[in-house]
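Each chain, letter by letter, is given below.
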Amino acid sequence: MFVDYAAAEVWSGKGVLTEVSDDERMCRVVFRDSTLITRNKWVECTKVHPRTR
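Throughout, residues of each chain are indexed from 1 in the direction in which the sequence is written. Residues qualify for local features only when their pLDDT is at least 70, as the model is predicted, and side-chain atom pairs are given and counted only at 80 or more; totals for whole chains, interfaces and linings, by contrast, use all residues. Excluded from the side-chain calculations are hydrogens and water; all other atoms, namely the structure's heavy atoms, are used.

Peer 1: Which residues make up the confidence of the model for the protein chain, and what values do they have?
Peer 2: In the predicted model, the protein chain carries a mean pLDDT of 82, and the fraction of residues at 70 or more is 75%. As a per-residue measure, pLDDT reflects the predictor's confidence and takes values from 0 up to 100. Comment: elements are numbered from the N terminus, with helices defined as DSSP H or I runs of at least four residues and strands as E runs of at least two. The secondary structure element of the protein chain with the lowest average pLDDT is strand β1 (residues 2-3), at 70, and the one with the highest is strand β4 (residues 38-44), at 90.

In structure tokens:
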């Protein structure tokens, strides 16, 4: 999946969806931030998109 830059300072946008809240409004994602540190963060699911080639 991809995470919008607006949701977090992501390095490439590439991440992994690990969990979705019961109301499906928040998604827990793992991604690398702009300093290349791996982050585990809740973001709005509207900022998470399926990865397409």
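There's plenty left to go through after this.
Peer 1: Explain the pattern of salt bridges to me, and be specific about the residues and the numbers.
Peer 2: When a carboxyl oxygen of Asp or Glu is within 4 Å of a side-chain nitrogen of Lys or Arg, the pair counts as a salt bridge. Under the defined criterion, the tally for this structure stands at one salt bridge. A salt bridge links Arg-28 to Glu-19, with the shortest nitrogen-to-oxygen separation between them at 3.4 Å. Judged by its relative accessible area of 24%, Arg-28 is partly exposed. Think of it in three bands: residues with accessible area under 20% of the maximum for their type are buried, residues over 50% are exposed, and the middle band is partly exposed, with areas taken using a 1.4 Å probe on protein chains only.

Peer 1: So what about the state of the cysteines? Which residues, and what values?
Peer 2: Throughout, disulfides are identified as pairs of cysteine sulfur atoms within 2.5 Å of each other. If you walk through the whole model with that rule in mind, you get one disulfide. The disulfide that involves Cys-27 links it to Cys-45, with 2.0 Å between the sulfurs. On the S-S bond that ties Cys-27 to Cys-45, the torsion sits near 105°, and the link is right-handed. Linking Cys-27 in strand β3 (residues 26-33) with Cys-45 in the loop between β4 and β5 (48-49), this pair joins segments that are 18 residues apart in sequence. Accessibility classification places Cys-27 together with Cys-45 in one group, the buried group.

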